[in-house]
Amino acid sequence: MTKELLKQVRVIDPLREIDEVADVLIVDGYIQAIAPQITDFSPDTAIRDCQGLILGAGLVDLYSHSGEPGFEERETLSSFLQAATAGGFTRVSVLPDTSPVIDKPALVTQLQQHRDQQKPCPHLHIWGAITLDLAGKQLTEVADLAAAGVVGFTDGKSWENLGVVRRVLEYLQPFGKPVAFWPCDRHLAANGTMREGAEALRIGLPPIPVSAETTAIASLLELVADIGTPVHIMRVSTARSVELIAQAKAQGVPITASTTWMHLLLDTTSIKSYHTSLHLDPPLGNNQDMLSLRDGLRTGVIDAIAIDHAPYTYEEKVQAFAESPPGAIGLELALPLLWQNLVTTGEFTALELWRVLSHQPAACLQQEIKAIQPGEKAELTLFDPQQTWNLNKANLQTLSYNTPWFGQEITGRVVQTWYN
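Draft legend 1. Spotlight on the overall build of the chain. Each helix and strand in the chain was counted, giving 13 helices and 17 strands. For the chain, the C-alpha radius of gyration of 21 Å lies close to 22 Å, the compact-globule estimate for 420 residues. Overall size of the chain, expressed as C-alpha extent along the three principal axes, is 65 × 50 × 45 Å. Across the chain, the fraction of contacts at a sequence separation of at least 24, relative to all contacts at a separation of at least 6, is 74%. A total of about 16500 Å² of accessible surface is found on the chain, and carbon and sulfur atoms cover 49% of it.

Rendered as structure tokens:
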């Protein structure tokens, strides 16, 4: 029997709207007691002084990339799960763009079995591909994938054929699982690598207009309103997109939406460094885009923050900005950097940030994170917002280090996670 007493920890629970300091007793993976002071505990209880530490529900990632299978030099499933643990995530969701693509039940089973062989680690949720080989033409055997236990369906890539999107919405409706789309018009985006505007002209990188995202979102919203299948909109990155989603939600269109953590912290001015880890897809927006995304999260227009962890090797990233593959790591960095830039500055409350990193992502996956109260299983994250550490290979669990913060000192680190 394991017994742990967390003394004077700051408990953050958005479900009960609680942000208070208390003692928390955890016994055999269950929360046994929460009180201002706990004095009645057995002598074999491990006591931890938690003054200044944060205890919240386990974090949930809506979508990220795992190298395995096919790109194990970037990330193995084991290192992916270890990185998630180090970042405070108790549930992570893998996109299907592996090699081979996750479009067969056998691969879903194989990945789950691999996960089960790991030491205690986050719950692994797997997105099933909508189309074979992500080609966007022939649908997978979605019924078989649903039976195999996929968390939902997505190709995690832009769509060009709205006729196929309509057919997908009709076909997937009876399964009642999340369906996620990344709206992007590739014809408008063309070979662009940076958000269109003054910074793109100044820096000299090929631009991507805002309309590459907004026209695709508008088309998708029309289809969802027509057919009625609930949809999750991935990777929202522009102020106009936030407006379109707000209007659709006000009209009762069944949608949820997420943005990624880096789009909340950086804008186009950061790209003057030409750091290839700032090459993202969709690209970083301008300052107004960033502020609108933050406001959208606070107001509930944007439901959740996704990490979209995308590991790449040094060789893949050490080339010209426009030639590098888009994406950056994030599982171990998101919570400390979001906390320091949003909560410490007073722009977000602790409850607001924790809600969109935990409870809301779970809701988008049609799941539930329980309140922090006696009798519930302990699915928790213990976070030290003051601990400093150097972001280098020795301090990372992920195999890759494609991040613009590499080599810098980071403030805030996860101390421990408990899995349900």
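Draft legend 2. Summary view of helix α4 (residues 162–172). Every buried residue of α4 is listed here: Val164, Val165, Val168, Leu169 and Leu172. In an axial view of α4, the angular spread of the buried residues amounts to 140°, which keeps them on one side of the axis. In this structure, the buried residues of α4 make contact with α3 (142–148), β9 (152–153), β10 (180–181), α7 (211–227) and β13 (231–233). For α4, the side-chain oxygen to backbone nitrogen distance between the N-cap and Gly163 is 2.9 Å, and the N-cap itself is Asn161.

Draft legend 3. Spatial organisation of the pairing of strand β16 (residues 380–390). Summarising the sheet, strand β5 (residues 54–57) and β16 pair through 4 bridges and their orientation is antiparallel. Directly across from Ile54, in β16, lies its bridge partner Phe383. Pairing of β16 with strand β17 (residues 409–418), which is carried by 8 bridges, proceeds in the antiparallel orientation. If you follow Thr381 over to β17, its bridge partner there is Thr417.

Draft legend 4. Focus on the pattern of salt bridges. Summed over all chains, the structure comprises 20 salt bridges. With its nearest N and O atoms 3.4 Å apart, the salt bridge here joins Lys3 to Asp44. In this pair, Lys3 is assigned in strand β1 (residues 3–13) and Asp44 in the loop between β3 (30–35) and β4 (46–49), connecting sequence segments 41 residues apart. The shortest N-O distance in the salt bridge between Asp13 and Arg16 comes to 3.1 Å. Among the charged side chains, a network of salt bridges with common partners joins Arg294, Asp295, Arg298 and Glu347.

Draft legend 5. Highlighting the sheet that holds strand β15 (residues 304–306). Spatially, the 4 strands line up as an open sheet ordered β10-β13-β14-β15, and their pairing is parallel. Edge positions in the open sheet fall to β10 and β15, since each of these has one partner strand only. Bridge analysis of β10 against β13 gives 2 bridges, and the strand direction is parallel. Bridge pairing in β13 links Ala180 to His232. Contacts from helix α13 (residues 350–364) reach β13, β14 (255–260) and β15 within the one sheet, and its direction differs from that of β15 by about 85°.

Draft legend 6. Inspection of the packing of aromatic side chains at higher detail. Scanning all chains against the criterion turns up 7 aromatic pairs. A centroid spacing of 5.6 Å and a plane angle of 70° characterise the contact between Trp159 and Phe181, whose relative ring orientation is edge-to-face. With Trp159 in the loop between β9 and α4 and Phe181 in strand β10, this pair connects stretches of sequence that are 22 residues apart. Judged by its relative accessible area of 14%, Trp159 falls in the buried class. Relative accessible area serves as the criterion here: at 2%, Phe181 is assigned to the buried category. Note on Trp339 and Phe383: the rings are 5.6 Å apart at their centroids and 65° apart in plane angle, and the pair reads as edge-to-face. Separated by 44 residues along the polypeptide, Trp339 in helix α12 (residues 334–343) and Phe383 in strand β16 bring together distant segments of the chain. The burial state of Trp339 is the same as that of Phe383; both residues are buried. Within the aromatic cluster, the residues linked to one another by ring pairs are Phe153, Tyr171 and Phe175. Here the guanidinium or amino end of Arg413 rests over the ring plane of Trp389, the centre of that ring lying 4.2 Å away.

Draft legend 7. Spatial organisation of the nonpolar core. The biggest cluster of nonpolar side chains holds 94 residues, and the ones touching the most others in it are Phe181, Ile233, Trp261, Ile305, Leu338, Trp339 and Trp405. In terms of residues, this core owes the most to one element, α12, which gives 7 residues. Residue contacts for Leu338: discarding those within four places in its chain leaves Trp261, Leu264, Leu265, Ile305, Val343, Leu353 and Leu357. If you look at the next biggest cluster of nonpolar residues, it comprises 20 residues, including Leu95, Ile208, Met234 and Ile369.

Cut-offs applied
Residues numbered from 1 in each chain as written. Predicted model: local features only at pLDDT ≥ 70, side-chain atom pairs only at ≥ 80, totals over all residues. Heavy atoms only, no water. Helix = DSSP H or I, 4+ residues; strand = E, 2+ residues; numbered from the N terminus. Rg over C-alpha atoms; globule rule 2.2 N^0.38 Å. Contact = heavy atoms within 4.5 Å. Areas by Shrake-Rupley, 256 points an atom, 1.4 Å probe, with all protein chains shown as cover. Buried < 20%, exposed > 50% of the residue type's maximum accessible area, 1.4 Å probe, protein only. Arc of directions from axis to C-beta. Polar contact = N/O pair within 3.5 Å; in protein donor to acceptor, adjacent residues only side chain to side chain. Pairing = 2+ DSSP bridges. Salt bridge = Lys/Arg side-chain N within 4 Å of Asp/Glu carboxyl O. Axes fitted to C-alpha atoms, helices over the stretch in contact; angles between N-to-C directions. Phe/Tyr/Trp six-rings, centres within 6.5 Å; stacked < 30°, edge-to-face > 60°. Lys NZ or Arg CZ within 6 Å of the ring centre and 35° of its normal. Core = buried A, V, L, I, M, F, W, Y, C linked by side-chain atoms within 4.5 Å.

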